[in-house]
Structure formats: C-alpha cells, structure tokens
Amino acid sequence: SRQGGLSVLPKDTAAEFSVRSRDRTYVVLAGQVLICRNYKGDVDMAEIDHFMPLLMQHEEEGLVSPVISHGSVHFLWIKHSNLYLVATTNKNSNASLVYSFLYKIVEVFTEYFKELEEESIQDNFVVVYELLDELMDFGFPQTTDSKILQEYITQEGAKLEVAKSKVPTTVTNAVSWRSEGIKYKKNEVFIDVIESINVLVNANGSVMSSDIVGSIKLKTMLSGMPELRLGLNDRVLFALTGRDKGKTVVMEDVKFHQCVRLSRFESDRTISFIPPDGESELMSYRINTHVKPLIWIESVIEKFSHSRVEIMVKAKGQFKKQSVANNVEVRVPVPSDADSPKFKTSTGNAKYVPEKNLVVWTIKSFPGGKEFLMRAHFGLPSVENDEAEGKPPITVKFEIPYFTVSGIQVRYMKIIEKSGYQALPWVRYITQSGDYQLRTNV
Amino acid sequence: MLEPDPNYFSSFVCSGEIFELKAELNSDKKEKKKEAVKKVIASMTVGKDVSALFPDVVNCMQTDNLELKKLVYLYLMNYAKSQPDMAIMAVNTFVKDCEDPNPLIRALAVRTMGCIRVDKITEYLCEPLRKCLKDEDPYVRKTAAVCVAKLHDINAQLVEDQGFLDTLKDLISDSNPMVVANAVAALSEIAESHPNSNLMDLNPQTINKLLTALNECTEWGQIFILDCLANYTPRDDRESQSICERVTPRLSHANSAVVLSAVKVLMKFMEMLPKDLDYYGTLLKKLAPPLVTLLSAEPELQYVALRNINLIVQRRPEILKHEMKVFFVKYNDPIYVKLEKLDIMIRLASQANIAQVLAELKEYATEVDVDFVRKAVRAIGRCAIKVEQSAERCVSTLLDLIQTKVNYVVQEAIVVIKDIFRKYPNKYESVIATLCENLDSLDEPEARAAMIWIVGEYAERIDNADELLESFLEGFHDESTQVQLQLLTAIVKLFLKKPTETQELVQQVLSLATQDSDNPDLRDRGYIYWRLLSTDPVAAKEVVLAEKPLISEETDLIEPTLLEELICHIGTLASVYHKPPSAFVEGSRGVQHKRLPGSTGLGESLESPDTGSAAGGSDAPPAVIPSQGDLLGDLLNLDLTPPATTGPPPPPTSGMQLGAMDLLGGGLDSLMGAGFGAAPAASPASFSAPVSGGLDDLFDLGGGVGMPMGAYNPPKTVWLPAMKGKGLEISGTFARRAGIIQMEMTLINKAMSVMTDFAIQFNRNSFGIAPAGPLQVLTPLSPNQTIEVALPLNTVGPVMKMDPLNNLQGGSF
C-alpha cells in the first residue's frame, strides 16, 4: 500500500531540488508513486497522495497550472510521456530552478535509459537512486552533466570496483563538463547552424510576429583539452573591431552553453570555450528582424453548414530559386465531424488524418519561387456537432539545407590544443520551420 | 546501454519472504547478499515495510562494494528514525568510512550521515564531519558543506557549539568553485531559518569572492550565488554598478533559472543607480532580450517567466514597452501561458500599439476556451479604459462580440461596457439599446447587476426603463445580493428621474429590501433610501444622482510595497503566486520582508507614468481598483461609498412594520451620522442630526466627505503610552482618505530591543469598526525608531454598544 510507502521512505532520506526549499522528487505514474526521494524530510510523505486528485480536479475545471498547492505544501510538476515528475516544497523555493532541474532529470535519465518511462525506472531503480543522490543533495542540485555522471555512476557491476573507485576530478573542476584524457585518432568538429523560423500570420494575411531562433550545435571529436574560438559575422563584434566588410548579423539575444566564458563574450564578443566531448548545443540566438515567410500560404476555406467544406490552399516558395525546401508539410485543420474527403493537388500528396482533424499535404521537394495548389472537399453531416470548436491555424513544416535566413556565417573555428594537433571544423547550415502558424477565417 | 535489473518489483509476496530475505542477507556469497539488499530496497520502493530486516541489512554495511554500500545507506536513511537504537550500530562504519582512502566513500558517508535524523547519532558525527570539511578532495568538502546545513536542521545548537558555521564561512574562500557554491547554498539555507543570525554578513570582500566563483561554478552554483547576492545591499551606486556589470554576463546563460536569478539581482541593484546615469539606460536595454527569450523555454518555465515579467512591467514598464508582439498568444500555448500573456498585453497596451492589440483580442474572443475568451473580452474593456483614444474602437469591438450571441461573451461584454460608461460618461450611451436586447440572456449575477446599473444610470434615456427593472423585481428574493443592491439603487435612481410613473415600483422595492430581506446590507441601504426620499427628496437627488468619481485607468496593479517585496523574490514561488512568502510559508511570520534598496517606501519615485500616478504618497493611497472579481462590487457601491459606513442596524422594533414617516423615529438617529456621511456629494447641513460627542468626533471624518480632500482630521493623540505598552508608544487618529476610513498611527519603539511581528485586534465597538486588512508593518522596529502606519478600516465588524463611544483601547502589541 502507499501508506506503507510512508514508512518505507520516512523523513530522513536525503534530497530536494531547490535552494531553499524542502522538496522531493517524485516520479508518479497514474497516481501511483513509482519512485521518490525525500531530500529534506519536512514535507510529509503522504502529501503526494493529494497531487493526482488535485491535478484531475484542476484539469476538469480547465484551470491547469504548473504549481498546485495543498495546504502549506506546493507541488511543482512537469509531465514526460506518461510520467509526472513532481517536486514538493513547503518553502518559498526558487521555482525556475525547480523546473529547470526537473527537465534536467528528464535529460539525464533519458541519456541513461534511452527512454524515460515506467519500465526503465523499475528496471534500473538502483541506478535511479544513485543518480537522484548525485544530482541533488539536501535540495541543492549538484552534478547534472550526464556525460560526467556516466564516468562514475554505472550499472555494470563487474567493472564496478575499478571504474567507480575514483571521483572524476571533472565533477568539482571549473571545467565540469569535460574529462581529461580524451583521445581521438582523427580530430574533427562538426558544426551545425540551424535556424528555425517562427511566424504568426493573421487571417487577413498580415504577419503579426516573426523571428528567427538559431542554434549552433557541435559534435566534438577532439583529443585532450582543446581551447576553441568561434568566429561569427556578428555585427557588434565587427563594430568593436572596426571591421566593416561583408554582411553581418544582429543577434538580439544570445544564450551559451555552460562552457562558454560569458564575461569574455560580454567584454569583447569573443566566443571562447573548452567544448564538451561529443554532441552539445553550444549556443542559441534570437533575431528579431522581420522575415518574409519562406513558404507563404493562402487559403480559402468555405464551410457550408450541414453540407460540405471546401478548402483551397496555395503554397508559394518565397526563397531563392537555387534552394529547395524538403519534406514540406502543410497541415490544414478541418471540422471534427467532416467526412468523405476528396483531394486534388498540383504536386505532392494530401492525406486526411481524422484523429487530428487535419489534412496533411506533403511535398517532398519544393523549389524556391514555385507555387502549388491543393483542393480538398469534405462532407458535413446534416446534424451538426454543436460543440464549439476552436480555430486552429494552418501550420507548415519544412527544411531548407545549405542556407540560413539571417545570413549568419561561421567565419572561423580556431582549435588550439597543447599537443599541437591539426583539427578540421566542418560546417553545415540548415533553415527549418519553427512555430509557423497561419490563422484562418473559419 | 545498461543491463536492466531483473524485475524486482513484480516478484513479491509478503509473509515468509522476510524470513527468506534474512537468510539471503546473511549469506556468505557476496553476489547473493547484494541481490538480497536490492530486493529489500525494491520492496521499500513499492512501499512495503521491511524494517524488520534492519540488523541484517546493517550487517552488510561493512563492504568494499560501493554499490552495495550505497544500497545499505539508502535503507539506513529510510529506517534509522524508526529504529534509533539499532541505528547506533551504524555509527562505527560511518566513522570508518569517513577515513576511507576513496573520496567517493568518504563523501557518501558524510552525505548519508547528515540524513540520519537521530539525535543520539548526531554527536558522534561531529568529528568525522570536521575532518571532511577539511578534506583534501573537493568532492568530499562540497558534500561536507551541505552536511553542515543538514546537521543544523537537526540540531542547530550543536552546529554552533562545534564551530561548524565558521568553518563553513571559511569555505566561501575555498579554491574550488563547487565547494564555494555549496557553502553559499548551505549558509543561505541556515541564514534563512535564523534571520537574525547575521550569518551571511556580506561585505565587499566576500562579494568579490562570490563574483569570482560565479564565473567558474556550475549553473546551479551560479544560482545559489546570485540568490545570495540578491540579499546584499551595496554601499553606494558605484558598488551597485560594479556588481551589476559583473552579473549581466549571466543573462546569456542557457539555463533560464540562472537568467531569472541574474534579473533579480539587477532589478534590485538598479534601484540604487541614478536614473540619469548612462549605465542605467544601458542596463534597462540589456534586460529586455533575455526576458523575451525566456518565452521560448519549456511551458512551465515560460509560466514562471511570465508571472515575473508581470511584476517587472509594473515596476519598470519601459523595459518591455516595445515588445508587445512576443506576448501574442499562440494557438498551442497551454492555457496558463495564454492567460498570463493576455495580462501582460494589457499592461503593455498603449496608444502606439493599441490597434494591433485590439485585433488580437478580438481574435482571442472568438476562441473556444471559456476562461480565455472571458479574459479576452475583459481585456478589451480594460484597453478602452486605459487608452482613451481607443475607447470608441473598443466599444464597437464589444458590440460586434455581443452580436455573436455567445452567452458568456455577451455577459462579459456587458460587464466591461458598464466600466467604460463609468470612465467616459455621456459618450457611448447610444449602445444601450443593443445592450437591452440581451437582457433576457443574462444569467450571471455580475452581468445582471451591470445591466441593471446601466438601466438605472441612464433611466431617463430608456423609455421602458421601468418595465425593464420591474421584470427583475419579480424574482427579487432569488437574486444574489449584488443584484438586489443594484436593483434597489437603480429603481431609486429611476424614481428620482421619473417620479410620476414609478412611485409604485419604488415602494415595492423598498419594502422588499427592508421588510422581506434578512440581509442587513440590503435592509440598511433600503432604509437609507426610504428615509432620504421621505425627508428631503432634493437631498436624495443630490446623494443618489451625484456625479461619480471616474474609475482609475490602471486596474489591478499590485500594491507598491508588495510589488517591491516581490521584485526581491523574482524567480521564486512568491513571484509566481504574487504573494509575499509570509502568506504561504509556515513559520515565516517573523521573517523580515524584503525591500528594495534605496527605496523610501510607498510612492517611491517611479518614473513610469502608469505606476507613478497610482503612487501619490500616503495622503492619497493608490486608487487601485481591486482585481476583476471585485471590480463590479466596488463600482456599484460607489452610489453610497463606502458600503461599509452603513453603521449599526436599526433597533429591532422601530423600523420594521412602520411607514416611511415613522422611519424618522429617534431609534434611527445613529444611522444618520454613519450612513449619510458617506455619500459623496451630501450636503452636510441636511444631516446635522444631534449626535453625541463621541460619535461626532468619529464621524466628523465622514461628514467631511462632501468637502474637498484634505478636510480637517483631528491630530494624533497618544493612545498607548510607552509605560503601558512595554516600550511601544502608539499615538493615532482617524482620518478618511479617498473615501476610506483609516486609523493612522505613529508607532515609536521606546524600548531597548527590536520589535517585530505587529498585529492589531479591535474590540467589539459601537460602530462595527474593524480593520479592513492586516496591519502592515513591514520592517522590524529598531529602538528609537518611529514608523507611520495607516490601517484601512471598515465597519462590518461585530457591533457592541460601548460607553464612551470612542474609547478605543490601545492594547499591547
């Protein structure tokens, strides 16, 4: 029984996640606590039993909130697949820290177990406990870098004595994201510059808001402790150094991985760092410039009550002729009670996805400057669904390789390691749809 | 990929199993032992009681197998408290493990030790802890630092006696950033539970160390340090600027929590910077982009960010004034994000962006989520009130929405249109006809009351106003109080405007209100009208049809002192709830409320026009209209502001069965002073009822209402001399500010020690006077310090005849 849970994990186990709170991590499944760690011991174990009923109640009332309170106890929760990760506290905890930490747990567990789900937790409960202990102590998050954790929290019993007998110095080092002694035969860095376009277009065709969220991802395969410097065509940097040739980009806001020396960037815009090994997101940026929507959609949706819906969608590629958008998907909403779909497309395939109330029009390859058409026809029942339906927007997905909308460029990547090896950086650019929504009139 | 454990969870039965496990735990084979401990932990995880195995499990503790050791420790942490005597058995192993050559084992031991909350054990742990705090390995030191906080939580005295706090303070200068971060975290935690301990005595040297560690420690460590920095008060603007300069780079950190903690430090220290400083402007500009970027984080983090942005735009509207678009709602935003974005949109609405905002709001009003739609409709009304130039467009948008005939949209629209009428009288009355068409569909009290208010207010322009109001009268007793009160007032207004046709109607409503109702508010209001009408119809007209004060532009602003406190709590639950920590954290009542540095209290120089207007110093408390829910109640009651001044109910026999003339009977004299004083335009002369001295005194304040603001308020007199108040001297007076009775007090601490935790309680009194809110004394009162407090009062408290009437006893606080 869960009451038993109370006695099994009484107050003095350790853990919570917030600076000044007394929290515990619970991973809750369908109301049954799957695993729990009491980091501090001043929130009653039984409190978690109130969580699911309260959540259900709030959902019913349509008032879901990421914070639920019960008396003096506050539940801060996130949902991951079919699991709820719930932190409990009775203090004025740092809420943003708690949510960041919960997402970090998901990240770490996912890297350990591939999938974070009920089974992976049950199958690995020993490691899960070990991780929970290492991730947080008395409510203070500790080491949360999964690559480093994997160096001393492993589940391979046999190798245990040798592998786990030392704390990697990395854990407490200033460079807490990279271990020493990494070796590669061939030293390479792969740099992906990915720009996502967010667009919100009004039903009358005016662009309400648009921005670019860029991300620079690294796959580092470098030996030793290399010092890297990344050069971008950053306008602020060019202005600082008095250089003025070529196209530059104004980054509205930049966010860096832990490894980047922030004060250095703040003072002279240099992006310098010792990279984590393997894959990581080095930085992300936001650009506020008005972007012309790369794929422009015009739609006419006519609804004839009790009879039919007629949809006409025109998609136009508003990018350079030399470029091609791949895997384009135009998702058009249809009423939930629509039936007997009929389609006509000038290119690509249209498919009705009734469980999502969508027509998905797929175009594998969409060259710049081209225009395509799709028509759809649906029947409507004579007795209509009188439940009000929202007005979901048309959404578009696409990818355009070898191209960034902002024009951002990697000018150089300098790699210096004391052993003096030569390393090659490889750069790849891609532009893709982010949150790309066009409202409709219907 | 890891080898999954065999499924320990499914294979469990209950009784003989314990016995079996016992045997396995005592097995000679290492592997078998380990498997058995795993099984024990698995049962513990699913909630079975395996405490009976305590000695057997503890026996496995002495092992060089780290995994097994961890499991045993886990078990110990869970059961030690229920088996304190047996837990002693573990002490030796802990002590031994703290000396193990392997730092992982030393750290594990010190970490676990602190989690065993058994008094008997703790004292044995001091020596090992002392060693670990000086361990050569930083991993052990950072774990030991946290252990001090754990131990302090169990036995604070012990920690102090053993000098661990000093060792912990020394660790702030440790060479390892993670140790510094954990020491800061542990000290902050301890300091929080002992607010007066002066533990975190932050000085420029320590601050410098912290700022250096900030560049090197993990993201979490950065948060501990930033949160700790936020408690520091720089000596001057130069120090403030230099700290800000070293904190701003954190705004580029990928972790949203680091960003918000940095924002907290900057928002706080910014208070000390002169506004004409170039750097001040630079800093303002630097804050916007990271705040906007937070909106691309996970929805829960967005929510926290939005709740905080809501505070930030109230304190410093200039930061985000150009960022309206990023708050536009996306179809797939979770509802809690949508509602918060909407709130911020209204706060940022200005003449420059109103067209776009309105277009968006109209779009939202046609969505399906009822709460969201309602809020969007209200938002349109708030825009109309906030941005005068947009009022006409807002009204026409609302009319379009009324045409949709969606029931809740119509009702919400009517409620906000009433507010618009209040803000712009005699401007949009042409829409009344359209509103009247929807009379029948209104089933929510708030909408009904709003509609009735409109009909009453504009009765002279509505031909069939009497019919409309009469139709509501049929089910009078089934209506909610707010509708009844409103109906009563509306019909009286109608009568005063069209006396000839409506005499019967007014008689009817007065008798419904006074004779058939159990509601004292309603009865009181009924009597007042009745008596007014029968005594002096001219005065009645002046009172009831008086010009009403316009409603304030900015609605539901957070009260400035609270806002200041919440800014100091950016990122925390308090900032999410918009409540001070003392409102939801148990045992924090004595804890000092945080204040922004350099601020002198209410109405501190805010350059924002929005908030500035609301904070005009203590003479005129901010004209903040309460949150939407209360808005209507507040507005409707303005006919007789404030409702609370209706005074004691009539004596049981006099008014009930008597006609209008009899209401003048002496029993109701007391009502005069109280009730009438409240009416905004009342001419005091007509109400100079003979009232006894004490009452006079008090209601002079009330009588003064018809006069301009700043009418005579009696000077403060000493209520409680320090001799009787254990060193606290209280002098005070009553005043009426913006229509609200206030008790204004001067508190002087004439004792030698700091006073905190002020509260006030009123004895039952003749006027039913009671505090309308808690006594807000935010800072502790140091010796010889003087503080001015104003306590808003209402008159809905319990009534008890007192003699003399105004003998308010100052109690000891």
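The shown structure was predicted, so the numbers you read here are calculated from the model rather than taken from an experiment.

(A) Representation of the overall build of chain B in the model. A tally of regular secondary structure across chain B gives 35 helices and five strands. By residue count, 60% of the 813 residues in chain B fall in the buried class. Considering only intrachain contacts with a sequence separation of at least 6, the fraction spanning at least 24 residues in chain B is 68%. Surface summary for chain B: the accessible area is close to 32,100 Å², and the carbon and sulfur share equals 51%.

(B) Representation of the interface of chain A and chain B in the model. Each partner contributes residues to the interface: chain A has 104 residues there, and chain B has 114 residues. Carbon and sulfur atoms make up 56% of the area that chain A and chain B hide from each other, which totals about 9,700 Å². Inspection of the region where chain A meets chain B yields nine salt bridges. Between D137 of chain A and K150 of chain B there is a salt bridge, with the nearest N and O atoms lying 2.8 Å from each other. At ten residues, the largest contribution of residues to the side of chain A that touches chain B is made by helix 3 (residues 95-113) of chain A. In terms of residue class, the side of chain A that touches chain B is built from 41 nonpolar, 36 polar and 27 charged.

(C) Seen up close, the packing of aromatic side chains. A complete count under the given rule lists 25 aromatic pairs over all chains for this structure. Ring geometry for F51 of chain A against F75 of chain A: centres 5.6 Å apart, planes inclined by 65°, an arrangement best described as edge-to-face. Residue F51 of chain A is found in helix 2 (residues 51-60), and its partner F75 of chain A is found in strand 4 (residues 73-80); the two are separated by 24 residues along the sequence. Here F51 of chain A matches F75 of chain A in class, with each residue buried. Aromatic side chains F125 of chain A and Y129 of chain A sit 6.4 Å apart centroid to centroid with 85° between the ring planes, which places their arrangement in the edge-to-face category. Remark: Y129 of chain A and F125 of chain A occur in helix 5 (residues 125-135); sequence separation between them is four residues, near one turn of the helix. This pair shows no difference in class: F125 of chain A is buried, exactly as Y129 of chain A is. Sitting over the ring of Y39 of chain A, R37 of chain A keeps its end group 6.0 Å from the ring centre. One residue, K338 of chain B, lies across the ring of Y331 of chain B, its end atom 5.5 Å from the ring centre.

(D) Spotlight on the sheet that holds strand 3 (residues 740-749) of chain B. Residues and elements named next belong to chain B. Strand order in the open sheet made by the five strands is 1-2-3-5-4, with antiparallel pairing throughout. Since the sheet does not close on itself, it has two edges, and those belong to strand 1 (717-720) and strand 4 (770-771), each with one partner. Strand direction decides the pairing type here: strand 1 and strand 2 (residues 728-737), joined by three bridges, are antiparallel. Residue pairing across strands places T717 opposite G732, the latter belonging to strand 2.

(E) A look at the sheet that holds strand 10 (residues 227-232) of chain A. All names here are of chain A. Taken in spatial order, the three strands of this open sheet run 12-10-22, and their pairing is antiparallel. Looking along the sheet, the strands with just one partner apiece sit at the ends: strand 12 (271-273) and strand 22 (410-416). When strand polarity is set aside, the average angle formed by the axes of neighbouring strands in this sheet is 15°. Both strand 10 and strand 12 contribute to a ladder of three bridges, which runs antiparallel. Within the sheet, the bridge partner assigned to L230 lies in strand 12 and is I271.

(F) Examining the nonpolar core more closely. Core analysis: the biggest nonpolar cluster contains 281 residues, and F109 and L131 of chain A together with Y75, L129, L320 and F421 of chain B have the highest contact counts within it. Here this core takes twelve residues from helix 3 of chain A, the largest share from any one element. Setting aside residues no more than four positions away along its own chain, L320 of chain B makes contact with A288, L291, V292, I309, V313, F327 and L348 of chain B. W177, F265, V291 and V334 of chain A belong to the second-largest nonpolar core, a separate cluster that totals 71 residues.

(G) Molecular detail of the side chain of S72 of chain A. As for its placement among the helices and strands, S72 of chain A is situated in the loop between strand 3 (67-70) and strand 4. At 3.3 Å, the side chain of S72 of chain A forms a polar contact with the side chain of E586 of chain B. With residues up to four places along the chain from it excluded, the contact list for S72 of chain A reads T89 and N90 of chain A together with F584 and E586 of chain B.

(H) The arrangement of the packing of helix 6 (residues 103-113) of chain B against helix 8 (residues 138-154) of chain B in detail. All names here are of chain B. Contact geometry of helix 6 with helix 8 gives a least axis separation of 9 Å together with a crossing angle of 5°. One way to sum up the angle between helix 6 and helix 8 is to call them roughly parallel. Of the residues in helix 8, those in contact with P103, L104, R106, A107, V110 and R111 of helix 6 are Y139, V140, T143, A144, C147 and K150. For the contact of helix 6 with helix 8, a count of residues per class yields eight nonpolar, one polar and three charged.

So, how was this worked out
- Residues numbered from 1 in each chain as written.
- Chains lettered and ligands numbered in written order.
- Predicted model: local features only at pLDDT ≥ 70, side-chain atom pairs only at ≥ 80, totals over all residues.
- Heavy atoms only, no water.
- Helix = DSSP H or I, 4+ residues; strand = E, 2+ residues; numbered from the N terminus.
- Buried < 20%, exposed > 50% of the residue type's maximum accessible area, 1.4 Å probe, protein only.
- Contact = heavy atoms within 4.5 Å.
- Areas by Shrake-Rupley, 256 points an atom, 1.4 Å probe, with all protein chains shown as cover.
- Buried area = accessible area lost by both parts, 1.4 Å probe.
- Salt bridge = Lys/Arg side-chain N within 4 Å of Asp/Glu carboxyl O.
- Nonpolar A, V, L, I, M, F, W, Y, C, P; charged D, E, K, R; others polar.
- Phe/Tyr/Trp six-rings, centres within 6.5 Å; stacked < 30°, edge-to-face > 60°.
- Lys NZ or Arg CZ within 6 Å of the ring centre and 35° of its normal.
- Pairing = 2+ DSSP bridges.
- Axes fitted to C-alpha atoms, helices over the stretch in contact; angles between N-to-C directions.
- Core = buried A, V, L, I, M, F, W, Y, C linked by side-chain atoms within 4.5 Å.
- Polar contact = N/O pair within 3.5 Å; in protein donor to acceptor, adjacent residues only side chain to side chain.
- Parallel < 35°, antiparallel > 145°, perpendicular 65-115°, else oblique.

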